[in-house]
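# A closer look at the structure
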Amino acid sequence: MSSLYIFCTIFGGSFVLIQFFLMIFAGIGAGSERDYSAGPNKSDQNGADPNGSDPIDHAEIRPHSGSGSLMIFSIRTITTGTAFFGIAGLCAEAAGLRPPFPLIMASFFGFAALFAIYFFTRLIHAIRNKRSIEKKSMEETTGTTEPMEPH
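Calculation notes
Residues numbered from 1 in each chain as written. Predicted model: local features only at pLDDT ≥ 70, side-chain atom pairs only at ≥ 80, totals over all residues. Heavy atoms only, no water. Helix = DSSP H or I, 4+ residues; strand = E, 2+ residues; numbered from the N terminus. Buried < 20%, exposed > 50% of the residue type's maximum accessible area, 1.4 Å probe, protein only. Contact = heavy atoms within 4.5 Å. Areas by Shrake-Rupley, 256 points an atom, 1.4 Å probe, with all protein chains shown as cover. Phe/Tyr/Trp six-rings, centres within 6.5 Å; stacked < 30°, edge-to-face > 60°.

## Regarding the overall build of the protein chain
Helix and strand counts for the protein chain come out as three helices and zero strands. Element order for the protein chain, N to C, with α for helix and β for strand: α-α-α. Going through the 151 residues of the protein chain one by one, you find that 19% of them count as buried. A separation of at least 24 residues holds for 65% of the contacts in the protein chain among residues at least 6 apart in sequence. In the form shown here, the protein chain has an accessible surface area of approximately 11300 Å², with 66% of it arising from carbon and sulfur atoms.

## Section: the packing of aromatic side chains
Across all of its chains, the model carries seven aromatic pairs by this definition. Aromatic pair F108 and F109: ring centres 5.3 Å apart, planes at 80°, arrangement edge-to-face. A relative accessible area of 54% places F108 in the exposed class. Ring pairing ties together the aromatic residues F7, F11 and F15, which thus form one cluster.

Have a look at this one:
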């Protein structure tokens, strides 16, 4: 079983590191504030298309939208769960636990990591959505996204 734990640690850990570096250096997977809508130009105040056609209200494409239960099994959660499965299994074998207990311990910590990443990701998305709603509300009331200075 230790070869399985080593494989899971290397496989899961390398993908977690790749995702981390892509998020830091390329902004991939960071849930950035890009506008994916195909609607009219946002800089045009009257909402008309610069080409002269009528503005069409298209739905925005959200990069992380989806069913909440399906987000549990994303690439990020599965690779993190796999890495922690391998690490916990190696630690349990190094501690000298007998054969069924390393597998039970590895499974527990793998699923715990999977669900922890899922809940943290949902929390981050909830915070971003709240900020986006507040920003949109501020833009509608004041015409700008900058906070108003007190007089």
